[in-house]
Amino acid sequence: MRARHGGELEQPWQRGLLTAWNLAALLLSSLGTTVLSLALAVGTYEVEEFIGYFTHPVILLLNWLPVLLLQTLFYCLCRRNWLAFLLSALPVLLASAGDYYKIQFRYEPFTFQDMDSVLAGLQVAGAYPLTLNKRVLLAAAWVLLSTPALGLLARLRPGKRQRLAVGALAVLAAVPLWFGVYANRELYQQVSARNTYIGNISEQQNFIAAGFVYPFLHSIETSRPRPPEGYDPERAAAVLARYPEADIPGERRVNILVLQLESFTDLEAAGFSGVAPGTYDLLHRIQAESISGTMVPSVIGGGTIRTERCVLTGDYSMPDVTRDHSSFVRYFDEQGYFTTGSHPNRADFYNRVNVCKYLGFAEYFFAADHYNALTGGKWNCDGIFLPEVFRLFREDIAEGKQVFSFNVSLQGHGPYTADSVNYQGRYWLDDSVSPETREALNAYLALMAETQDVLWQELEQIRSAPEPVVVLIYGDHPPTLGSQDIYAACGVIYADTGEDFLRRSGTPYMIWANDAAKALLGSDFIGEGPAVSPGYLMALLFDALGWQGSSYLQYTAACMEHLPVINNNGSYVEDGVFRHSLSPAGEALLREYSCVQYYMHTRPVEEP
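Summary of the structure given here. Note that the structure is predicted; figures quoted are calculated from it, not measured. (Residues numbered from 1 in each chain as written. Predicted model: local features only at pLDDT ≥ 70, side-chain atom pairs only at ≥ 80, totals over all residues. Heavy atoms only, no water.)

Now for the overall build of the protein. Of the regular secondary structure elements, the protein holds 24 helices and 12 strands. Within the span of the protein, comprising 608 residues, buried residues form 56% of the whole. Put simply, 79% of the contacts in the protein that link residues at least 6 apart link residues at least 24 apart. Across the protein, the centroid of the 43 positively charged side chains sits 14 Å from that of the 63 negatively charged ones. (Helix = DSSP H or I, 4+ residues; strand = E, 2+ residues; numbered from the N terminus. Buried < 20%, exposed > 50% of the residue type's maximum accessible area, 1.4 Å probe, protein only. Contact = heavy atoms within 4.5 Å. Lys, Arg positive; Asp, Glu negative; His and termini not counted. Charge placed at Lys NZ, Arg CZ, Asp CG, Glu CD.)

Okay, here's the thing in structure tokens:
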């Protein structure tokens, strides 16, 4: 082997020693990058959860291998250990830092799907205090110190044949690793479930439990739809054919307003005992006037877009919408409704500007084209956002339109600090918690109190309106309140039972009708609804209205009868029983649902 280290090394033992030293430098430096990536991957969790990565060596290995292969390839290309380290460590640690901040502020991990929203995400990040904590500074110091150290101490430059051989081996190893390991969905679920230090109650926890590099690479596979096992388009079409398309009866047509409220939930119902009396009184009044129940998303503290798309499509897992796509919006459009909506955020965030068009909305308002002029760019803006949503809704009805309006709020979003939320009064009474926890709870509950107050006022305005109106209201997901530890700090510990699963994972939903709609439909719209996944909310709404709806909606309603809760992390409610694994009949139904869902994703929207 020919190698250069300031001159020719004539003795074989010298060349062997130098080769071993440079190989060790490559291994150790890539391992150090991986460990720092894991320190960032743990997000808002603490040291105990970070240690969980090392009690399961397979998690460490699956995060390390891609870093090692990447650094090895760069070494073969540039022949310099320090440069190979820099070119591999920078993207890994920058992406890990992005993941850390995204989890900290939105409790959403950084996935492959987020790559097309990086610029929008950076601008949104301006709303948060991006503090350089010890972990971020340590990662920066690692790159700044290790690069010159490797340049001084690991200067072996391998020959051409060695570079070609090692590089080819690295590429060849990457192929089976990708198809057999990183793209393997079943293995991912098994690996993430091993890290019980994190928990597996939500998709975010599954991601965090597996580190960062490994789940990020796995998200490349999950970002593209693939046919479910046993998929047959003709069979899926035959299933849907059992449910003929049904028009909305002319004598039962009402205007529909949907409000998806950010992080909106009842902390009292979730087990928090320090909430000030009266904080949720208005929520309880609305629930008493509604068909109300619990909606169970697969995400906590983030993942708004997942709930949003599942509600609009009827899917149990979030569809990747990149072209014209089947949706309940299109059904309303076909039925002669004016389809509109609002979101007081950037239009390009999660590509909503295009997705709303692909789903069939005739009109959709965002921050730049409408709400910035009203809110001044504030996120906590339900005092402005909700009145404007109702005003636009009433205006459209006054113009003679039959309206379907779908709106996604931002109030309730973190950070929950006195600097970001102006609130009067005291909403959290337990002083045994830390000042930071008390501030977060006070801020969050203040946001919830304002949302309820504004919502109640707006419902009162349309209660006696002559036009029939039905309002569907729900929270998109429970909050993390800024840190997973806040739950434990407040003494809120959940057992592995169906009741506690719904308390931890669920948010309230309400189907409320004004007097004109009650009279038209002959229903008081009061009662207790079942716990359901987001994709079933429209089926519940149509049932309350006495409508049948599209073939797919009727099919999802039939699935809901037996499998009302499908949590993508392995928790279900099947025929009234909470379970972590389905019965053979439940598995067969879920497979069929998956195939029909995929059929709806892939067929042209023009088809009946």
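To continue, consider the packing of helix H11 (residues 233-241) against helix H24 (residues 584-602). The N-to-C vectors of H11 and H24 enclose an angle of 100 degrees; their axes lie 9 Å apart at closest approach. By the angle between their axes, H11 is roughly perpendicular relative to H24. Each of Pro-233, Ala-236, Ala-237, Val-239 and Leu-240 in H11 lies in contact with H24, whose residues at this interface are Glu-592, Cys-595, Val-596, Tyr-599 and Met-600. Broken down by class, the residue content of the contact of H11 with H24 amounts to nine nonpolar, no polar and one charged. (Axes fitted to C-alpha atoms, helices over the stretch in contact; angles between N-to-C directions. Parallel < 35°, antiparallel > 145°, perpendicular 65-115°, else oblique. Nonpolar A, V, L, I, M, F, W, Y, C, P; charged D, E, K, R; others polar.)

Moving on to helix H8 (residues 185-194). Among all positions in H8, only Tyr-188, Val-191 and Ser-192 are buried. Burial along H8 is one-sided: seen end-on, the buried residues are contained in an arc of 95 degrees. (Arc of directions from axis to C-beta.)

In the structure shown here, the tally under the stated rule is 13 salt bridges. Between Arg-463 and Glu-289 there is a salt bridge; the shortest N-O distance is 3.0 Å. Note that Arg-463 is positioned in helix H18 (residues 435-463) and Glu-289 in the loop between helix H12 (281-288) and strand E4 (291-295), a separation of 174 residues in sequence. Linked by salt bridges that have partners in common, Glu-289, Glu-460 and Arg-463 make up one network. (Salt bridge = Lys/Arg side-chain N within 4 Å of Asp/Glu carboxyl O.)

Take empty space enclosed by the protein next. The tally for this structure, following the rule as stated, stands at five cavities of 30 Å³ or more. The volume enclosed by the largest cavity comes to roughly 100 Å³. Lining of the largest cavity is provided by 15 residues; of these, Ser-298, Cys-310, Tyr-316, Pro-534 and Asn-568 occupy positions nearest its centre. The element best represented in the lining of the largest cavity is helix H13 (residues 304-313), accounting for three residues. Its residues placed into classes, the lining of the largest cavity shows eight nonpolar, five polar and two charged. (1 Å grid on protein atoms, 1.4 Å probe; cavity = no way out; pocket = protein on both sides within 12 Å on 5 of 7 lines; lining within 4 Å. Points joined across faces, edges and corners; volume = space filled by probe spheres on them.)

Turning our eyes to something else, we now look at helix H3 (residues 57-78). Across its 22 residues, H3 extends 31 Å between first and last C-alpha, which sits within 8% of the 32 Å expected from 1.5 Å per residue. Maximum bend of H3: about 25 degrees, positioned at Trp-64, with proline Pro-66 one to four residues after it. (Expected span 1.5 Å × (residues − 1). Bend = angle between axes of the 7 residues up to and from the residue.)

It is worth spelling out a nonpolar patch on the surface at this point. Together, Trp-21, Leu-152 and Leu-153 make up a nonpolar patch on the protein surface, roughly 360 Å² of accessible area in all. Relative to the helices and strands, Trp-21 resides in helix H1 (residues 12-41). Residue classification places Trp-21 among the partly exposed residues on the basis of a relative accessible area of 45%. (Patch = residues over 30% accessible without salt bridge, like charges linked within 9 Å, V, L, I, M, F, W, Y side chains within 5 Å. Areas by Shrake-Rupley, 256 points an atom, 1.4 Å probe, with all protein chains shown as cover.)

Moving on: the sheet that holds strand E6 (residues 403-408). Spatial ordering of the open sheet is given by E5-E6-E3-E7-E8-E4-E9, a layout of seven strands whose pairing is mixed. Where the open sheet ends on each side, the last strands, each with one partner, are strand E5 (338-342) and strand E9 (527-528). Direction of pairing for strand E3 (residues 255-261) relative to E6: parallel, over a ladder of five bridges. Considered in E6, the bridge of Ile-256 is made with Phe-404. Along the sheet, helix H22 (residues 537-545) makes contact with E3, E4, E6, strand E7 (469-475) and strand E8 (507-513), crossing E8 at roughly 30 degrees. (Pairing = 2+ DSSP bridges.)

Here we come to the sheet that holds strand E12 (residues 577-579). In space, the three strands of this open sheet follow the order E10-E11-E12, with antiparallel pairing throughout. Either end of the sheet is taken by a strand with one partner, and the two such strands are strand E10 (565-567) and E12. Ignoring which end each strand starts from, the neighbouring axes of this sheet average 20 degrees apart. The pairing of strand E11 (residues 571-574) with E12 spans three bridges and is antiparallel. Bridging across to E12, Val-573 finds its partner in Phe-578.

Attention now moves to the packing of H8 against helix H10 (residues 213-222). In a packed pair of helices, the relevant descriptors are the angle between the two axes and the axis-to-axis distance. Packing of H8 against H10 leaves a shortest axis separation of 11 Å and a crossing angle of 150 degrees. In terms of crossing hand, the pair formed by H8 and H10 is left-handed. Residues Arg-185, Leu-187, Tyr-188 and Val-191 of H8 pack against Tyr-214, Pro-215, His-218, Glu-221 and Thr-222 of H10. Each residue belonging to the contact of H8 with H10 can be placed in one class, and the counts come to five nonpolar, two polar and two charged. (Left-handed = near helix turned anticlockwise from the far one by under 90°.)

Moving on to unusual backbone geometry. Of note in the backbone geometry, Arg-79 takes a positive phi value of approximately 65 degrees without being a glycine. Structurally, the position occupied by Arg-79 is in the loop between H3 and helix H4 (81-106). Owing to a relative accessible area of 27%, Arg-79 belongs among the partly exposed residues under this scheme.

Let's shift gears to a negative patch on the surface. A cluster of acidic residues, Glu-245, Asp-247, Asp-333 and Glu-334, forms a negative patch on the protein surface. Positionally, Glu-334 belongs in helix H14 (residues 328-334). Overall, the relative accessible area of 56% leaves Glu-334 in the exposed class.

Interpretation note: all reported values are geometric properties and have no functional meaning in isolation.
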